[in-house]
Amino acid sequence: MTEKSAVLLALVFGVITVLLVRSRDVKWWEAALIGLFGMYVGQTPLLFATDGLVHWFISIVTRT
């Protein structure tokens, strides 16, 4: 993953997080998005496994 794509993902997850907090209604999948945002921002060692999972999911959804 390039630095540009990591920053873009962190920005998208950050906007989603702000919108969720403002709505005061957080569901389990929204909490998962907030967790992903934290991992992308924090660049934890778990990020590499999570990044592979995210890419796998996106490839299934887009079928590329």
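Right above here is the structure, for reference.
Since the structure is predicted, the reported quantities are computational estimates derived from the model, not experimental observations.

Chemist: Is there a simple way to explain the overall build of the protein in this structure?
Modeler: A count of helices and strands for the protein gives three helices and zero strands. Each helix (α) and strand (β) of the protein, taken in turn from the N terminus, gives the series α-α-α. A total of 64 residues make up the protein; the buried ones form 23% of that total. Carbon and sulfur atoms form 73% of the exposed surface of the protein, whose accessible area is close to 5,000 Å².

Chemist: Even after reading the chapter, I still don't get the nonpolar core, so can you show me in this structure?
Modeler: Burial of nonpolar side chains together is a common tendency in soluble globular proteins. Membership of the largest hydrophobic core is limited to five residues, which are Phe13, Leu33, Leu36, Met39 and Val54. Broken down by element, this core gets its largest block of residues, three residues, from helix 2 (residues 28-42).

Chemist: I would appreciate a short explanation of the layout of surface pockets in the present structure.
Modeler: Over the atoms a probe the size of a water molecule is rolled, and this reveals where empty space is left. Its volume calculated, the largest pocket comes out at about 230 Å³. If you go around the largest pocket, the residues you meet are Phe13, Trp29, Ala32, Leu33, Leu36, Val54, Phe57 and Ile58. Within the residue set of the lining of the largest pocket, elements represented by two or more residues are helix 2 and helix 3 (47-62). Ranked by the residues each element gives to the lining of the largest pocket, the list is headed by helix 2, at four residues. A per-class count over the lining of the largest pocket returns eight nonpolar, no polar and no charged.

The rules behind these values
- Along every chain, residues carry numbers that run from 1 in the direction the sequence is written.
- Reporting in this predicted model follows two pLDDT cut-offs: at least 70 for local features of residues, and 80 or more for side-chain atom pairs to be given and counted; totals over whole chains, interfaces and linings ignore these cut-offs and use all residues.
- The side-chain quantities take in all heavy atoms of the structure and omit both hydrogens and water.
- For the purposes of this entry, the term helix denotes a DSSP run of H or I that reaches at least four residues, the term strand denotes a run of E that reaches at least two, and both are numbered from the N terminus.
- Relative accessibility thresholds used throughout: buried, under 20% of the residue-type maximum; exposed, over 50%; partly exposed, between the two (1.4 Å probe, protein chains only).
- Here the accessible surface of atoms and residues is derived via Shrake-Rupley with a 1.4 Å probe, and residues count as covered only by protein chains that are part of the display.
- Remark: nonpolar core denotes a set of buried residues (Ala, Val, Leu, Ile, Met, Phe, Trp, Tyr, Cys) joined through side-chain atoms within 4.5 Å.
- Definitions used throughout: a 1 Å grid over protein atoms alone; a cavity as a set of points that fits a 1.4 Å probe which cannot get out; a pocket as an open set with protein on both sides within 12 Å along at least five of seven lines; a lining residue as one with an atom within 4 Å of a point.
- Grid points are joined across faces, edges and corners, and a volume is the space filled by probe spheres set on the points.
- Amino acids are sorted into nonpolar (Ala, Val, Leu, Ile, Met, Phe, Trp, Tyr, Cys and Pro), charged (Asp, Glu, Lys and Arg) and polar (every other residue, Gly among them).

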